[in-house]
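The chain contents come next:
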Amino acid sequence: MKLCMIGTGYVGLVSGVCFSDLGNDVICVDKDIKKINSLKKGIIPIYEPGLEELVLKNHKNKRLNFSTNLKESVKKSDIVFICVGTPTKKNSNNADLSQVYAVAKEISKSIKKFKIIINKSTVPVTTGDEIEKIISKKVNK
Ligand SMILES: NC(=O)c1ccc[n+]([C@@H]2O[C@H](COP(=O)([O-])OP(=O)(O)OC[C@H]3O[C@@H](n4cnc5c(N)ncnc54)[C@H](O)[C@@H]3O)[C@@H](O)[C@H]2O)c1
């Protein structure tokens with residue numbers, strides 16, 4: 001399957017690499033150009049046992065790619081994973097969901113046919129409904 005991980009941090013990178021090692025074609029997307037350029041050169045920004053070997057192996061066999069182009073990456077994929085940060089808001093215990101909603105808006109601009117959108121970011125209940133609203137508002141126009 002063709003998969004796209006949006007957010008190439010601990011969750012997006014590790015999950016994406018494992019999915020590629022299972023035989024899927026994976027694009028890991030991030031807005032951090034430095035991170036993406038480093039990954040393309042085989043420089044891994046985090047340490048997890050075995051991660052570097054799997055990144056190098058699957059990048060070399062072209063099942064794992066890195067990109068800053070969210071729109072094109074979503075277009076090429078059947079399943080899109082949202083893996084961006086949800087830090088705690090300053091002065092409250094609530095999660096800041098702005099990155100998740102920003103990505104949902106970006107996805108909505110890129111969708112032209114059916115895709116499965118999976119949210120892997122840690123979010124409160126009902127966030128999935130909000131993501132659906134953001135995406136379907138644009139798609140159903
Ligand atoms: N780290 C963990 O072990 C862990 C475990 C379970 C759940 N989570 C949850 O998963 C989510 C991600 O956690 P993480 O540790 O991977 O975060 P992280 O900060 O390591 O990575 C998030 C990445 O998303 C990128 N990003 C943000 N906005 C973007 C956008 N618009 N387009 C493209 N990329 C964008 C950032 O540049 C960053 O590289 C959080 O909600 C976290 O709570 C994390």
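Before any of the text, the structure's been laid out above.
My aim in this report is to walk through the structure given alongside it, one point at a time.

Rules used in this analysis
Residues numbered from 1 in each chain as written. Predicted model: local features only at pLDDT ≥ 70, side-chain atom pairs only at ≥ 80, totals over all residues. Heavy atoms only, no water. Helix = DSSP H or I, 4+ residues; strand = E, 2+ residues; numbered from the N terminus. Buried < 20%, exposed > 50% of the residue type's maximum accessible area, 1.4 Å probe, protein only. Contact = heavy atoms within 4.5 Å. Phe/Tyr/Trp six-rings, centres within 6.5 Å; stacked < 30°, edge-to-face > 60°. Near = heavy atom within 4 Å. Polar contact = N/O pair within 3.5 Å; in protein donor to acceptor, adjacent residues only side chain to side chain. Areas by Shrake-Rupley, 256 points an atom, 1.4 Å probe, with all protein chains shown as cover. Nonpolar A, V, L, I, M, F, W, Y, C, P; charged D, E, K, R; others polar. Pairing = 2+ DSSP bridges. Axes fitted to C-alpha atoms, helices over the stretch in contact; angles between N-to-C directions. Expected span 1.5 Å × (residues − 1). Salt bridge = Lys/Arg side-chain N within 4 Å of Asp/Glu carboxyl O.

Let us now look at the environment of V29. Here V29 shows up in strand β2 (residues 25–29). Judged by its relative accessible area of 3%, V29 is buried. Beyond its immediate chain neighbours, meaning those up to four positions away, V29 contacts C4, M5, I6, G7, T8, I36, S67, T68, N69, L70 and S73.

Moving on to the packing of aromatic side chains. Inspection of the entire model under this criterion finds one aromatic pair. A ring pair is formed by F19 and F81, whose centres lie 5.1 Å apart and whose planes are at 35°; its orientation type is tilted. Here the residue F19 occupies a position in helix α1 (residues 10–21), and F81 occupies one in strand β4 (residues 79–82), the gap between them amounting to 62 residues. On the basis of relative accessibility, which here comes to 7%, the residue F81 falls in the buried class.

This part covers the site of the ligand. Around the ligand, 17 residues are found, and the nearest of them are V11, D30, K35, T86 and T122. Side-chain polar atom of T86 to an oxygen atom of the ligand: 2.6 Å apart, as the coordinates give it. Surface burial for the ligand is 66%, taken as the share of its 830 Å² of free accessible area covered by protein chains. Looking at the shell around the ligand, the elements that each hand over two or more residues are α1 and α5 (98–110). Looking at the shell around the ligand residue by residue, the classes come out as six nonpolar, seven polar and four charged.

Before going further, it helps to examine the sheet that holds strand β3 (residues 64–67). Backbone hydrogen bonds are what pair the strands of a sheet, in a parallel or an antiparallel way. Ordered by their spatial adjacency, five strands build an open sheet running β3-β2-β1-β4-β5, and the pairing between neighbours is parallel. Two strands bound the open sheet, and with one partner strand each, they are β3 and β5 (116–119). Ignoring strand direction, the axes of neighbouring strands in this sheet form an average angle of 20°. Pairing of β2 with β3, which is carried by four bridges, proceeds in the parallel orientation. Paired with V26 across the two strands is L64, which belongs to β3. Helix α2 (residues 33–40) contacts β2 and β3 of the sheet and is inclined by roughly 150° relative to β3.

Quick look at α1 now. Each α-helix winds once per 3.6 residues, and so residues spaced three or four apart point in a common direction. For α1, which comprises twelve residues, the first-to-last C-alpha distance of 17 Å matches the rise-based estimate of 16 Å (1.5 Å per residue) to within 8%. Listing the buried residues of α1 in full gives G12, L13, S15, G16, V17 and S20. Check the buried side of α1 and you find it contacts β1 (2–6), β2, α2, α3 (51–60) and β3. G23 lies just past α1 and shows a positive phi near 110°.

For the structure on display, the rule yields five salt bridges. The residue D21 makes a salt bridge to K57 at a minimum N-O spacing of 2.8 Å. Linking D21 in helix α1 with K57 in helix α3, this pair joins segments that are 36 residues apart in sequence. The class for D21 is partly exposed, based on a relative accessible area of 28%. E72 serves as the salt-bridge partner of K75, at 3.5 Å between the closest nitrogen and oxygen. In this pair, K75 and E72 both sit in helix α4 (residues 70–75), three residues apart, roughly one turn of the helix.

Nothing here speaks to function; it is all geometry.
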